[in-house]
Every structure is written in structure tokens, then in C-alpha cells.
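# Coordinate inspection notes
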Amino acid sequence: MPQCTYVVYQDGIVNHTMLKRYWIILASLALLVSACGGGAPEPTTEPLPTFTPEPTLVPTLQPSPLPTLQPSITPEPETTPTNTAVPAEAVLEEEVPPPLTMNLPDGWQFGSGVRLFNDIGDLRVVPFGFYTGPVTGGQGFIVVLWDFPNATSGNPFLEEGTQPDLYVDGLRLLRLLILERDCVIGTDLKMEYSVAGRLASGTQFSTTNCPEIADTRGWFAGLFERNIPFVFYAYAEPIGAMDGPAQFELQQILDSVVFDPSFTAESD
């Protein structure tokens, strides 16, 4: 703020020259007063502080992954599969070993349990056995389901009589239990395979573009043991492994199956 000095003349005689100077001084004084205190300086407004709210986490709708089958044992790091297979409605905490044995190669792991799933509006319980281990070119998998409800009652005009068609059951359970529902699944025509040295009906399948599991290819084969249905699913990842010896290595395991002669179905 400029410093202002006020001058007062007290001489009793003022000539024209002095008067002229007096008016000049008055005019200058008025300008000084106007500049110094004639008007209050406009207040300067400090900008208001801005408030930046903390970002609010807005939840987005994320599909919940379907539960995956986990073997009852912990696989060794070098044989940990990325395809844990068979998503379903739920896995019950219950150990139900399959009523059979297999000759598993070195490094293979085994687990078992009971699976609850929605089958055309009805809740079904199916026991399963899960086998996985290294094969040439990748990781091999075998899943066996047994004592499950059949989708058909059989055809009395066929040679096998009124036994249900396990090819139909195998396709149904493949989509419900073995593979994720959002996969792109391809299947072939009905074929004959071998399990425990016996004929078993099934087909080849492949799956791609699954949300959780890797692309894979394999086959399933079903047969009855003392009127109890069994379906075996054999496949490997990566999908190219099935172009080499892996398919024959999986078949050797299926040929080594021996059923427990003392086993009876739960309904018996």
C-alpha cells in the first residue's frame, strides 16, 4: 500500500500564484487520497480447497466359477494338473473309493469322492474316482463314474436286451460332470472300446474354449459290472498330446482295470 503525505498550508496571505499552487496541491492531494484510501481494495478471494473423494469400489457382476474336482491327495509340483476336470454343482466331503484297481504308472495320483449335481430338475449323487499323471507329451486324466441313474431303460429289441444305453449316459454325464458347461464340445458317433479286457460302448470327444480348463481330447467307454453301470473318461492335455503315444498309455491303464468282486450297488 503506497505511503501518503498530507501537506497543510497555514499562511494568512495567498496570492494568485500561491492560490494556483494551492489548487494544484489540492488536486494532487485529491488524487493521492483517491489512490490511497478513497476506495477499499477489492478483496482477493482465495480459491476454495477442492475435495477429492476417495474412489468408491463399485462391485461388478463377476460370474462365480464352478467348483472343480480336487483329488483327496496333494499332487507333487511336477505333476500338478492345470485341468482339474469335472465342474459340477457341488462336491460332497466324502471318500468313496472306486470298487476297482488299476495299474498306475509312476508319478500318477488318485482321489475319490461323491458328486451332487442337477439332472433335469432332480438332484443326483454320483461317486467318482479321479486319476492323473504324466503321459508322453503332457498330462493324462482318467475319471470313472459308477452307480449313477440311467437316462434310458434300454431297448428290448436289441441284442443286449433291456440294459440302458451307456453311450447315452456317457454323453449326458460328459456335459454335466466332466467338462465345463460353457465349453465348445465335439463328439463322434458311437464306438466300441476296451475296459478291463471287455467291450465298452462310448465315443471320442474334444473340448475347446473352456473358461477354466485347457483344451483337451479323449474318449469315454461304459460297461456294466454285475448290472452296475461304469463309465470311464480318458483324456489328456495339451490337446496335441493325444496325437502321440499318450492315447495308448491311457488305454493300457484301462486294460489293467480289475473290478472288486465283493462290490454291490448302494441300492442293493
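Notes on the structure in this doc start here. (Residues numbered from 1 in each chain as written. Predicted model: local features only at pLDDT ≥ 70, side-chain atom pairs only at ≥ 80, totals over all residues. Heavy atoms only, no water.)

## Quick look at helix α3 (residues 246–255)
Using the following cut-off: Between buried and exposed lies partly exposed: a residue is buried under 20% and exposed over 50% of the maximum accessible area for its type, with that area taken using a 1.4 Å probe on protein chains only. Working definition: helices are DSSP H or I runs of at least four residues, strands are E runs of at least two. Numbering for both runs from the N terminus. As used here, the arc is the angular range of directions from the helix axis to the C-beta atoms. Note on contacts: a residue pair qualifies if any of its non-hydrogen atoms lie within 4.5 Å across the two residues.
Listed as buried for α3 are Ala246, Leu250, Gln251, Ile253 and Leu254. Summarising the axial view, the buried residues of α3 lie within an arc of 155 degrees, below the 170-degree limit, and thus occupy one face. Exposed residues on α3 whose side chains face more than 90 degrees from its buried face are Phe248 and Gln252. Contacts made by the buried residues of α3 are with β4 (122–135), β5 (138–146), β7 (191–195), β9 (216–225) and β10 (228–237).

## Notes on the packing of aromatic side chains
To keep things clear, this is the line we draw: Centre distance within 6.5 Å is the pairing criterion for rings of Phe, Tyr and Trp, where only the six-membered ring of Trp is used; planes under 30 degrees apart are then read as stacked, over 60 as edge-to-face, and the remainder as tilted.
Tallied over the full model, the rule gives 12 aromatic pairs. A centroid spacing of 6.1 Å and a plane angle of 15 degrees characterise the contact between tyrosine 193 and tryptophan 219, whose relative ring orientation is stacked. Of this pair, tyrosine 193 sits in strand β7 while tryptophan 219 sits in strand β9, and the two are 26 residues apart along the sequence. Tryptophan 219 carries the same exposure label as tyrosine 193, and that label is buried. By way of ring pairs, the aromatic residues Phe130, Phe141, Tyr167, Phe205, Phe220, Tyr233 and Tyr235 are connected into one cluster.

## As for helix α2 (residues 166–178)
What counts, and what does not: Multiply 1.5 Å by the residue count of a helix minus one, and that product is the helix's expected span. Any pair of nitrogen or oxygen atoms within 3.5 Å is treated as a polar contact; in protein, a donor-acceptor pairing is required on top of that, and neighbouring residues in sequence qualify only through side-chain atoms on both sides.
The first and last C-alpha atoms of α2 sit only 15 Å apart over 13 residues, clearly below the 18 Å expected at 1.5 Å per residue. With 11 of its 13 residues buried, α2 lies for the most part within the structure. Residues of α2 that are buried: Leu166, Tyr167, Asp169, Gly170, Leu171, Arg172, Leu173, Leu174, Leu176, Leu177 and Ile178. Measuring from the backbone nitrogen of tyrosine 167 back to the side-chain oxygen at the start of α2 gives 3.0 Å, which picks out aspartate 165 as the cap.

## Some words on the state of the cysteines
Working definition of a disulfide: a covalent bond connecting the sulfur atoms of two cysteines. Quick reminder of the rule: Here, a disulfide means two cysteine sulfur atoms that sit within 2.5 Å of each other.
The tally for this structure, following the rule as stated, stands at 1 disulfide. The disulfide partner of cysteine 183 is cysteine 210, and the S-S distance across this bridge is 1.8 Å. Taking the torsion about the sulfur-sulfur bond, which here is approximately 125 degrees, the covalent link between cysteine 183 and cysteine 210 counts as right-handed. Within this pair, whereas cysteine 183 is found in the loop between α2 and β6 (184–187), its partner cysteine 210 is found in the loop between β8 (198–208) and β9, the two being separated by 27 residues in sequence. In terms of burial, cysteine 183 and cysteine 210 fall into one category: buried.

## A few points about the nonpolar core
Threshold: What makes a nonpolar core is a set of buried Ala, Val, Leu, Ile, Met, Phe, Trp, Tyr and Cys residues whose side-chain atoms join them at distances within 4.5 Å.
If you look at the biggest cluster of nonpolar residues, it comprises 30 residues, and the most contacted ones within it are Leu100, Met102, Ile142, Phe230, Phe232 and Leu250. Tallying contributions element by element places β10 first for this core, with 5 residues. Leave out the neighbours within four places in its chain, and leucine 250 touches Trp108, Val135, Gly140, Phe141, Ile142, Trp219, Ala234, Tyr235 and Met242. The next biggest cluster of nonpolar side chains, apart from the first, holds 26 residues, and it includes Val143, Leu166, Leu173 and Tyr235.

## Quick look at the pattern of salt bridges
This is how the line gets drawn: Here a salt bridge means any side-chain nitrogen of Lys or Arg lying within 4 Å of a carboxyl oxygen belonging to Asp or Glu.
In this structure the tally under the stated criterion is 4 salt bridges. Notably, a salt bridge pairs lysine 190 with aspartate 165, separated by 3.3 Å at the nearest N-O pair. Taken as a pair, lysine 190 in the loop between β6 and β7 and aspartate 165 in the loop between β5 and α2 lie far apart in primary sequence, 25 residues in all. The closest approach of N and O atoms between glutamate 225 and arginine 198, which form a salt bridge, is 2.6 Å. Here the residue glutamate 225 occupies a position in strand β9, and arginine 198 occupies one in strand β8, the gap between them amounting to 27 residues.

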